[in-house]
Amino acid sequence: MVFLEFEKPLEQLYEQLEKIKQVGEQSDIDVTPMVKELEKRIRKTRKEIYSNLSGWQKVQLSRHPERPYTLFYVSHIFKNFIELHGDRLCGDDKAIVGGLANLDGQTVVIVGHQKGVNTKMRQYRNFGMANPEGYRKALRLMKMAERFGFPVFSFIDTPGAYPGIEAEERGQAEAIARNMFEMAQLKVPIVVTVIGEGASGGAIGIGLGDRVYMLENTWYSVISPESCSSILWRSWDYKEQAAEALKLTAEDMFRFGLIDGIIKEPLGGAHTAPEEMAKTLKRHLKQTLQELQQIPVDELVQQRIMKYRRMGEFEELAPVSEKEN
Amino acid sequence: MGWFKRLKDGIQTATKYKKEAPDGLWFHCKECGATTTSKEMRENFFKCPKCDYHVRIGSREYFDLLFDNEKYTLLFDNLVAKDILEFVDLKSYKERLDTARKKTGLNEAISVAVGKIHRHAIVIACMDFSFIGGSMNTVVGEKIARAIEYCMAHRTPLLIISKSGGARMMEAAFSLMQMAKTAAMLSEMAKMGIPYFSLMTDPTTGGVTASYAMLGDINMAEPKALIGFAGPRVIRETIKRDLPEGFQTSEFLLEHGFLDFIVNRAELKDRIGELLKLFAPALKAKA
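All values derive from a computational prediction rather than experimental measurement. As a convention, each chain's residues are numbered from 1 in the sequence order in which they are written. The order in which chains are written sets their letters, starting at A; the order in which ligands are written sets their numbers, starting at 1. Only residues with pLDDT of 70 or above have their local features reported here, since the model is predicted, and side-chain atom pairs are shown and tallied only from 80 upward, although totals for entire chains, interfaces and linings are computed over all residues. Only hydrogens and water are set aside; all other atoms, that is, all heavy atoms of the structure, feed into the side-chain values.

Draft legend 1. Here's a closer look at the domain arrangement of chain B. All names here are of chain B. Domain annotation of chain B identifies domain 1 (22–55) and domain 2 (57–285). The C-alpha centroid of domain 2 is placed 24 Å from the C-alpha centroid of domain 1. Summed over both partners, the interface of domain 1 with domain 2 buries about 780 Å², with 58% contributed by carbon and sulfur atoms. Looking at the side of domain 1 facing domain 2, the largest losses of area belong to Phe-45, Phe-46 and His-54, adding up to 68% of the total buried there. Under this definition, polar contacts are N or O atom pairs within 3.5 Å; protein pairs additionally need one hydrogen-donor-capable and one acceptor-capable atom, and for neighbouring residues in sequence, both atoms have to be side-chain atoms. Linking domain 1 to domain 2 there are seven residue pairs in polar contact (both at pLDDT 80 or more). Here the side of domain 1 that touches domain 2 is built from residues that sort into three nonpolar, one polar and two charged. The start and end points of each domain follow an automatic or database-based domain assignment. Buried surface area refers to the total accessible area, computed with a probe of radius 1.4 Å, that the two partners give up upon joining, counted for both partners together. Residue polarity follows a fixed list, in which Ala, Val, Leu, Ile, Met, Phe, Trp, Tyr, Cys and Pro are nonpolar, Asp, Glu, Lys and Arg are charged, and the others, Gly among them, are polar.

This is how it looks when you write it as structure tokens:
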């Protein structure tokens, strides 16, 4: 098990538990009552820690090395997944995966960021940082979904779109902009879930949808707390403050009306019980899809556009008489 | 040996007796280093008379350069930002807004105006870099959305002049969602067959490039502007090597297929006038 820094009390309890269990195995002493007592304390401590997580702690959880990624959910929620590769223009991006699958009898299209599960794979997946090919592959698959009337499920988990020379040469900005432009008008339901990190343009490039959900311990904002700290505080040391200032948690985002719902994670985070997490997520996705499929598709598109049209708060001063220069 | 001997040490002139050139009489080009009068520079479409460097200018200058007889009507100028997140870094967002408003005399980082170019009606939304780095926030997104609605209601073409460091961090996810909002609204306008011209000027980066700036029916840029998604510093730090010369300039984007053309500021008005004339039949057809 990997413990985060704020989970230190838990780590100690788990260590004690291990020792006691060892003692129990090596001698005749009945350790059951002590084990039970410790397990109770672990549950209690976990509840205490997790009932009041700061923004930065949630950011850390969203990046937990054992956290389930898109392909885990794909294999536990959908059946007959066939991965489809390439943007038909330039190449195949490993940081965004996509394909066809079956959700309890319905054909659907899936797109999502994919991070690697070990050092080698993390490199292979470019740490979930997509190049333009990734966004264009996602768009190609979504347009195919539209052609055949398949709903789209998008999973967001990225520290950002890749900032590289080739990415700029091939139009990272254009790829992201084009995706939003096209997703706004896509004539099939789009359900988006932030399952880990939702960093900026790299996230919203596959993130425009009829319903956008965030798992409980994820974040979604215009910039990562680290980069925000380095720009506004001119130092990397203010990431905690930046994480608070950005108000990037699922709760904040829901309160602001920028997402449509929060999906609860198992106590301790999605990685502590990934199967349970997948089950909960599946229930939500199915229910959402059922709701969306009740709405005639033209109306759905109109509702989607109006949802984004309304986003943002500002003040309106008393209208000045229209100035003519 | 010097020819002159200093008799007294230090500068003796009291500040109040110092003779200063009136502010802005001289223009010093940061590109070629030449010094000319500001008047010459202004008369040369705000470009360096020596090297043609396009000086960064604001929305009012663009409006005056582009609209017939310098006549236009400002739209939605009464929208102002709200400190939704109560954002504080080294300074509070409220303070930053106040400072920016005082310094620029503007309400936000974008101004929208309607007027005519070569007698064709057009709406221009122009960003101001002097207002918090031309960053895109809710008001910028909202004004663009309203400009688009205005264009749809009046079947008027839209020109957006981008000049921005990207999305405004102090409105965090609200700024981010303006990318989706403006892209969605532009897709609505495209459905109605109303032309949208995007002019990228120095600099156009981040969330602005990755939303409305790149979505023009016609994408154009001023010469030698910095245009990109990630900033050059971020890219250099990520890949840990030097960037090629001319990387992320207008010329680079043209070469890689993301611009229709580069236009010199001196020809900008005529070029847009020509476009408006060419697109005019499309506007009538569906009216």
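Draft legend 2. Region of interest: the sheet that holds strand 8 (residues 196–204) of chain B. Residue and element names in this part refer to chain B. On the basis of which strands lie adjacent, the open sheet formed by seven strands has the order 3-5-6-7-8-9-10 and mixed pairing. Among the strands making up the open sheet, the edge pair consists of strand 3 (72–75) and strand 10 (261–262). In the sheet, strand 7 (residues 158–164) pairs with strand 8 via six bridges, with the strands oriented parallel. Counted as the bridge partner of Ile-161 is Leu-199 from strand 8. On top of the sheet, helix 2 (residues 59–66) reaches strand 3, strand 5 (110–117), strand 6 (120–127), strand 7 and strand 8; it is set at about 5 degrees to strand 5, its chief contact. In this analysis, two residues are considered to be in contact whenever any of their non-hydrogen atoms come within 4.5 Å of each other. All axes here are fitted lines through C-alpha atoms, helices being fitted over the stretch that makes contact, and every angle between N-to-C directions spans 0 to 180 degrees. In this description a helix means any DSSP run of H or I spanning at least four residues, a strand means any run of E spanning at least two, and both kinds are numbered starting from the N terminus. Relative to strand 5, helix 4 (residues 138–154) is tilted by about 25 degrees, and along the sheet it contacts strand 3, strand 5, strand 6 and strand 7. Two strands qualify as a pair provided that DSSP identifies no fewer than 2 bridges between them.

Draft legend 3. Expanded view of the nonpolar core. For our purposes a nonpolar core is just a set of buried Ala, Val, Leu, Ile, Met, Phe, Trp, Tyr and Cys residues, chained together by side-chain atoms within 4.5 Å. Between buried and exposed lies partly exposed: a residue is buried under 20% and exposed over 50% of the maximum accessible area for its type, with that area taken using a 1.4 Å probe on protein chains only. Judged by nonpolar contacts, the single largest core of 127 residues is most densely connected at Tyr-220 of chain A together with Leu-158 and Tyr-212 of chain B. Per element, the largest residue contribution to this core is 12 residues, and it comes from helix 5 (residues 172–191) of chain B. Apart from residues no more than four positions distant in its own chain, Leu-158 of chain B is found in contact with Val-123, Ala-147, Ile-148, Cys-151, Leu-186, Met-189, Pro-195, Tyr-196 and Phe-197 of chain B. Counting residues in hydrophobic clusters, the runner-up holds 31 residues, among them Phe-27, Tyr-72, Cys-126 and Val-263 of chain B.

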